[in-house]
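A structural walkthrough
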Amino acid sequence: PEAPLLGRLLQGRYRVTGLIARGGMGVVYDAVQMNLGRRVAIKCLHPKYARDAVAIARFQKEAVVSGSFGHPHIVEVFDMGVLEDGAPFLVMERLEGETLTARMRRERRLGFKLSVSVARQTVSALVATHARGILHRDLKPDNLFLVARGDDTPRVKVLDYGVSKAMTALGDPRL
């Protein structure tokens with residue numbers, strides 16, 4: 001099925017209400033955290049990768065890295081779990097807006113004010129991660145999400161720390 005978790009209650013806490021996106025490694029669902037009534041996004045690793053140790057490690061790394069910052073420009077991960085079929089999932093903040101890729105396709109050319117704003121916010125997130133010895137390694141327009149704020153300068157959220165690496169004090173990758 002295209003969205004097998006639709007309508008399901010995960011771990012007795014998260015009601016899956018819709019499909020947000022599908023990708024090569026997984027699916028992102030719209031959901032509600034029942035005890036708080038909070039909208040969340042649930043990212044599930046495809047079942048075909050549920051037994052792939054490398055894919056699972058990358059998925060879990062994304063949760064640990066993103067969940068440890070609390071930075072305004074890094075997507076927050078609130079929880080993680082495992083489905084009945086063994087596939088892991090992440091519970092993340094629900095973002096409203098679009099990726100930088102989608103914005104660039106729609107507008108063809110970004111204005112100076114928006115370009116500077118996106119760059120400043122992205123650098124802010126990277127400075128925070130680099131200060132903690134983490135290198136993103138997959139920074140691209142698809143991994144920059146523009147959260148609508150009602151004005152012409154959206155809030156940037158850096159996504160997908162699954163292929164990040166820890167660095168030594170000299171800046172050399174360790175992982």
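For the structure itself, look to the data block above.
Let me begin by describing the structure that accompanies this report. Note that this is a predicted model, so its numbers are computed, not measured.

What to know about the overall build of the protein
A count of helical and extended segments in the protein gives three helices and 11 strands. Along the protein, from the amino end to the carboxyl end, the secondary structure elements read β-β-β-β-α-β-β-β-α-α-β-β-β-β. Across the 175 residues of the protein, 44% fall into the buried class. Residue pairs in contact within the protein that sit at least 24 positions apart in sequence constitute 52% of those at least 6 positions apart. Accessible area for the protein stands at about 9500 Å²; split by element, carbon and sulfur atoms hold 55% of it.

Digging into the nonpolar core
Among the nonpolar cores identified, the biggest contains 16 residues, and Leu10, Ile42 and Phe89 are the most heavily contacted of them. Of all elements in the fold, only strand E2 (14-22), strand E3 (26-33), strand E4 (38-45) and strand E6 (88-93) reach the threshold of two or more residues within this core. Discounting chain neighbours no more than four positions away, the residues touching Phe89 are Leu10, Gln11, Tyr14, Ile42, Lys43, Cys44, Phe59, Asp79, Met80, Gly81, Val82 and Leu83. With 13 residues, the next largest nonpolar core counts Ile56, Leu90, Leu95 and Val147 among its residues.

Comments concerning the pairing of E6
Across the six residues that make up E6, a large majority, six, are buried. Where E4 and E6 come together, five bridges link them in antiparallel fashion. From the neighbouring strand, Ile42 faces E6, where its bridge partner is Val91. In textbook terms, the turn of a hairpin is the stretch between consecutive antiparallel strands, and for strand E5 (residues 77-82) and E6 this stretch comprises five residues, one of which, Gly86, has a positive phi near 90°.

Examining the environment of Pro4
Inspection of the secondary structure assignment puts Pro4 in the segment before strand E1 (9-10). Pro4 sits 15 residues away from Leu19 along the chain, and the two C-alpha atoms are 9.8 Å apart.

Here we look at the layout of surface pockets
Rolled over the atoms, a probe sized like a water molecule indicates the empty space that remains. Taken as a whole, the largest pocket spans an internal volume of roughly 930 Å³. Contributing to the lining of the largest pocket are 33 residues, with Val28, Lys43, Asn143, Leu159 and Asp160 lying nearest its centre. Going through the elements one at a time, E2, E3, E4, helix H1 (53-67) and E6 are the ones with two or more residues in the lining of the largest pocket. Residues that form the lining of the largest pocket fall into these classes: 16 nonpolar, seven polar and 10 charged.

Re the sheet that holds E2
Spatially, the six strands line up as an open sheet ordered E1-E2-E3-E4-E6-E5, and their pairing is antiparallel. Edge strands, defined here as strands with exactly one partner in the open sheet, are E1 and E5. Where E5 lies against E6, five bridges are found, and the strand directions are antiparallel. Among the inter-strand pairings, Gly81 is bridged to a residue of E6, identified as Phe89.

Here's the deal with the side chain of His46
Looking at the element boundaries, His46 is found in the loop between E4 and H1. Every residue in contact with His46, bar those within four places of it in the chain, is listed here: Gly23, Gly24, Met25, Gly26 and Val27.

Some details on the sheet that holds strand E7 (residues 97-99)
One open sheet accounts for three strands, arranged E7-E9-E10; its pairing is antiparallel. Strand pairing shows two members of the sheet lacking a second neighbour, E7 and strand E10 (155-158), which therefore form its edges. Each strand axis lies, on average, 25° off the axis of its neighbour in the sheet, ignoring direction. Sheet analysis places strand E9 (residues 144-147) next to E10, joined by four bridges and oriented antiparallel. Counted as the bridge partner of Leu144 is Val158 from E10. Helix-sheet contacts for helix H2 (residues 100-107) involve E7 and E9, and the interaxial angle to E7 is about 90°. In the packing of helix H3 (residues 112-131) onto the sheet, contacts are made with E9 and E10, and the angle to E10 comes to roughly 40°.

Scoring rules and cut-offs
- Residues numbered from 1 in each chain as written.
- Predicted model: local features only at pLDDT ≥ 70, side-chain atom pairs only at ≥ 80, totals over all residues.
- Heavy atoms only, no water.
- Helix = DSSP H or I, 4+ residues; strand = E, 2+ residues; numbered from the N terminus.
- Buried < 20%, exposed > 50% of the residue type's maximum accessible area, 1.4 Å probe, protein only.
- Contact = heavy atoms within 4.5 Å.
- Areas by Shrake-Rupley, 256 points an atom, 1.4 Å probe, with all protein chains shown as cover.
- Core = buried A, V, L, I, M, F, W, Y, C linked by side-chain atoms within 4.5 Å.
- Pairing = 2+ DSSP bridges.
- 1 Å grid on protein atoms, 1.4 Å probe; cavity = no way out; pocket = protein on both sides within 12 Å on 5 of 7 lines; lining within 4 Å.
- Points joined across faces, edges and corners; volume = space filled by probe spheres on them.
- Nonpolar A, V, L, I, M, F, W, Y, C, P; charged D, E, K, R; others polar.
- Axes fitted to C-alpha atoms, helices over the stretch in contact; angles between N-to-C directions.

All quantities given are derived from atomic positions and should not be read as evidence of function.
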